[in-house]
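So the chains spell out like this:
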Amino acid sequence: MTAPVASTAPPSSAASGSLLSKLEIDARMLGMLAALAVIWVGFDLLSGGIFLTPRNLWNLSVQTASVAIMATGMVLVIVTRNIDLSVGAILGVTGMIIGVVQVQWLPAYLGFEHWLTAPIAVLVAIAVGGLIGLFQGWLIAYLGIPSFIVTLGGLLVWRGAAWWVTTGQTIAPMDANFKALGGGVEGALGANATWIIAAAACGIIIVALGLSRRRRLSFGFPVRPGWADAVIAAFACGAVLGTAWIFNAYPLPARTARRWAEANGIAWPEGGLFISHGIALPVVIAVLVGLVMTFIATRRRFGRYVFAIGGNPEAAELSGINTRWTLMKVFGLMGLLCGISACISTARLNAATNAAGSLDELYVIASAVIGGTSLAGGIGTIAGAMLGALVMQSLQSGMVLLGVDTPLQNIVVGAVLVLAVWVDSLYRRRIK
Amino acid sequence: MSTNGTTPLVEMRNISIAFGGIKAVDGVSVDLRPGEVVGLLGHNGAGKSTLIKILSGAYRPDAGEIYVNGQHADIATPRDAKRYGIETIYQTLALADNIDAAGNIFLGREVLTPYGTLDDATMEAETRKVMARLNPHFRRFKEPVKALSGGQRQSVAIARAIYFNARVLIMDEPTAALGPAETQQVADLVLQLKKEGIGIFLISHDIHDVFGLADRVSVMKNGKLVGSASVQDVTQDEVLGMIILGKCPPGATPGPGAS
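Owing to the predicted nature of the structure, the values given are computational and were not obtained by experimental measurement. (Residues numbered from 1 in each chain as written. Chains lettered and ligands numbered in written order. Predicted model: local features only at pLDDT ≥ 70, side-chain atom pairs only at ≥ 80, totals over all residues.)

### Some details on the overall build of chain B
- A tally of regular secondary structure across chain B gives eight helices and 11 strands.
- Its C-alpha atoms give chain B a radius of gyration of 18 Å, near enough to 18 Å, the size a compact globule of 259 residues would have.
- Once the C-alpha set of chain B is aligned to its principal axes, its extents read approximately 60 × 40 × 40 Å.
- Looking at chain B as a whole, 49% of its 259 residues are labelled buried.
- Here the analysis covers contacts within chain B between residues at least 6 apart in sequence; of these, 65% occur between residues at least 24 apart. (Helix = DSSP H or I, 4+ residues; strand = E, 2+ residues; numbered from the N terminus. Rg over C-alpha atoms; globule rule 2.2 N^0.38 Å. Buried ≥ 20, exposed ≤ 12 C-beta atoms within 10 Å, placed from the backbone. Contact = placed C-beta atoms within 7 Å.)

### As for the sheet that holds strand S8 (residues 199-204) of chain B
All names here are of chain B.
- Spatially, S6-S7-S8-S3-S9-S10-S11 is the arrangement adopted by the seven strands of the open sheet, whose pairing is mixed. Of all strands in the sheet, those with a lone pairing partner are strand S6 (86-89) and strand S11 (253-254), marking the two edges.
- Sheet topology places strand S3 (residues 37-41) next to S8; five bridges connect them, and they run parallel. Bridging from a neighbouring strand, Gly39 pairs with Leu202 of S8. (Pairing = 2+ DSSP bridges.)

### Topic: the sheet that holds strand S2 (residues 22-32) of chain B
All names here are of chain B.
- Sheet architecture is open: four strands sit in the order S2-S1-S4-S5, paired in antiparallel fashion. Of all strands in the sheet, those with a lone pairing partner are S2 and strand S5 (71-73), marking the two edges. For this sheet, the mean inter-axis angle between neighbouring strands, taken without regard to orientation, is 30 degrees.
- Against the sheet, helix H1 (residues 48-55) engages strand S1 (10-19), S2 and strand S4 (63-68), with an angle of about 115 degrees to S1. (Axes fitted to C-alpha atoms, helices over the stretch in contact; angles between N-to-C directions.)

### Topic: the interface of chain B and chain A
- At the junction of the two partners, chain B supplies 27 residues and chain A supplies 27 residues.
- Those elements giving two or more residues to the side of chain B that touches chain A turn out to be helix H2 (78-83) and helix H4 (120-134) of chain B.
- Among the elements that make up the side of chain B that touches chain A, the one with the highest residue count is H4 of chain B (four residues).

### Observations concerning the domain arrangement of chain A
All names here are of chain A.
- If you check the domain split of chain A, you get domain 1 (11-187 + 291-431) and domain 2 (189-279).
- The straight-line distance from the C-alpha centre of domain 1 to that of domain 2 is 24 Å.
- Listed as interface residues are eight residues of domain 1 and, on the opposing side, 12 residues of domain 2.
- Mapped by element, the contributors of at least two residues to the side of domain 1 that touches domain 2 are helix H1 (14-23) and helix H3 (54-79).
- Broken down by element, the residue count for the side of domain 1 that touches domain 2 peaks at four residues, all from H3.
- Broken down by class, the residue content of the side of domain 1 that touches domain 2 amounts to five nonpolar, no polar and three charged. (Domains from an automatic or database assignment. Nonpolar A, V, L, I, M, F, W, Y, C, P; charged D, E, K, R; others polar.)

### What about the domain arrangement of chain B?
All names here are of chain B.
- Split by domain assignment, chain B resolves into domain 1 (1-85 + 166-259) and domain 2 (100-164).
- Look at where the C-alpha atoms of domain 1 and domain 2 centre, and you get two points 27 Å apart.
- Taken together, the contact pairs eight residues of domain 1 with seven residues of domain 2.
- Per-element tally for the side of domain 1 that touches domain 2: the top contributor is helix H6 (residues 180-195), with three residues.
- Considered class by class, the residues forming the side of domain 1 that touches domain 2 number six nonpolar, no polar and two charged.

### Quick look at helix H9 (residues 226-248) of chain A
Residue and element names in this part refer to chain A.
- Here H9 contains 23 residues, and its C-alpha end-to-end distance of 33 Å stays within 8% of the 33 Å for a straight helix at 1.5 Å per residue.
- Considered for burial, the residues of H9 that qualify are Ala244, Phe247 and Asn248.
- Looking at the packing, one finds that the buried side of H9 touches H3 and helix H8 (191-218). (Expected span 1.5 Å × (residues − 1).)

### Remarks on the packing of helix H4 (residues 87-110) of chain A against helix H5 (residues 117-141) of chain A
All names here are of chain A.
- For the pair H4 and H5, the least separation of the axes is 9 Å and the interaxial angle reads 145 degrees. As H4 packs across H5, the resulting crossing turns out to be right-handed. On the side of H4, the interface is formed by Ile90, Thr94, Ile97, Ile98, Val101, Gln102, Leu106 and Leu110, while H5 contributes Thr117, Ile120, Ala121, Val124, Ala125, Val128, Gly129 and Ile132.
- Here the residues of the contact of H4 with H5 are counted per class, giving 12 nonpolar, four polar and no charged. (Left-handed = near helix turned anticlockwise from the far one by under 90°.)

### Overview of helix H11 (residues 281-299) of chain A
- For H11 of chain A, which comprises 19 residues, the first-to-last C-alpha distance of 26 Å matches the rise-based estimate of 27 Å (1.5 Å per residue) to within 8%.
- Structurally, H11 of chain A contributes buried residues whose contacts are with H3, helix H12 (301-311), helix H14 (323-349) and helix H16 (382-402) of chain A.

### Let's talk about the pairing of strand S10 (residues 224-230) of chain B
Residue and element names in this part refer to chain B.
- Of all seven residues in S10, six are buried; the element is thus mostly enclosed.
- As judged from the six bridges shared by strand S9 (residues 216-221) and S10, these two strands associate in the antiparallel manner. Across the sheet, the residue bridging to Val219 is Gly227, located in S10.
- The hairpin turn running from S9 into S10, its antiparallel successor, is two residues long, and Asn222 in that turn takes a positive phi close to 50 degrees.

### Looking at the environment of Leu336 of chain A
- For Leu336 of chain A, the location among the structural elements is in helix H14.
- Looking at Leu336 of chain A, the number of C-beta atoms within 10 Å reads 24, which means it is buried.

### Observations concerning the packing of H5 of chain A against helix H6 (residues 147-166) of chain A
Residue and element names in this part refer to chain A.
- Interhelical geometry of H5 versus H6 gives an angle of 145 degrees and a closest axis separation of 9 Å. Viewed along their axes, H5 and H6 form a crossing whose handedness is right-handed. Touching Ile132, Gln136, Leu139 and Ile140 of H5 are Ser147, Val150, Thr151, Gly154 and Trp158, all from H6.

### Here's the deal with the environment of Ile200 of chain B
- Along the chain, the position of Ile200 of chain B falls in strand S8.
- Not counting residues within four places of it along the chain, the set of residues in contact with Ile200 of chain B comprises Val37, Leu169, Met171, Val190, Leu193 and Lys194 of chain B.

Have a look at this one:
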């Protein structure tokens, strides 16, 4: 069973899409992957082969994590025909609060570098972000204030609050365990863990495909041909293993590797040691968030209601859905995800600054929209939005690699956003 | 008003509701017995749709009571109405266009697996069963209902209303958007449901539709009830007179809106 979104190939284009329709692959998603491939290869050629290196791709994955996490929540917000302009500001104020919590409050009770510091900081971030989101959701759903206004106000309020927490002072450094959440050397999981995660992911993909096939057969529904399922499984597993291989192909810098070897009692050989970064913790978190959000959006009643509200708010109401409470929860979830992203970006910067997350709202919204979320509501996928975040970040990092000036970067990103939405609207009109 | 002695399935007594000072429904009483089709007639804006939206839980009346099987019923939300077995097919169909047929039929009443996730396979299987009865040629189970034709969308809306063992069915302009063949299909369905003992409120502004199917008619004008009558006791012209002039003929029981 698929998500409650348009995912089947249209019958009119059956001739060109017959292979795709047999595979039941979303043509839109394939288009996005193609666009991403073009961007990557293009930057690689222009940069003289430094874009498609394990090092750059690893950095790209870490840089994408924070926005990708928030984009998963923005999908649900936009699907309900709302918008959240305050996500960057919520990230900012939450980041400041957990900075103060772990640098000024907790050490007074636990001492510095206590193992509980990082978990408490994360829980505080999730709670603060979630509560802010729920509060804004309440204003929107129960008081009927348009979400644009509530979150525009929220943008100013929470950005101001971020400054207020320490009257503008930057807080650093973060707790050592907490820093792992931001990636970097501390947050790289190493080669073995990466292969184990990749193998587990492949196992889950195969089992999930098999179970869904068996279930449909047991009801006598039409299923994909067996070879199609096999092709899909092979591609998905290939992508997972390939990604793991790339992450593992990026070694720690020699000096860090040497310190690591000494700390673990391994002799430092003449030619140096090749110690893999492996997948970074923020990327693992982002992937897990993506999976959980996809599960919520497609397998849970809440997700079904979110899409129903977006498709036809009146119909949702008449079906007996508690649309207000659902809407409030959507914004609560959005805030909670901002809390998670606040942990990642604060840890990555190793500092809490009141400017953290500035303009993130625009990148998050752009990611969701580039990823196929319709601003008219009712349509969008979590995976698409995360891919959209990767496209945005690829453009950004690619231009940094090429030494493009910042103002020109903004011009390009802005133009690409408009272009992407135009192409998407053309595509939708054609299949309609 | 009564045509026989049984307890009404539904009785709405002296219902009133106002929107911003305008009385959309003003002291209207109607009732419905098992296996009976009652046509609710009137011009656009006469208050028919508002009256049935009160019964389906979309609006709360300012005054008046609703009785289901002779018992006082408190209907505050669409969910309450459904609990009393009152199902509605809205004029707009009230379908979520971006969701497939099964998702719409079970919207708000999803079947869950033991793990609390949506049991889409079971819902699709049930949808295939109920759609086989209503529209045997229906095949597009996996597509959002936006992609369906008017008649197919109508069958999804009807399937949603009858799947959950409705005892009272409200059909608001069920044939307004349909072609002749599909209109006949709906008419056949009404007769079949009537045989099963379901009471049906048929809202329409087309009196030919209603005269063919209804046992009784109630006519509204400017939010008030002009009168009610068995279809045998009045002619179509007389009912037209009720709709247009608010004039109650001798064969009908006059209401407060009769001039």
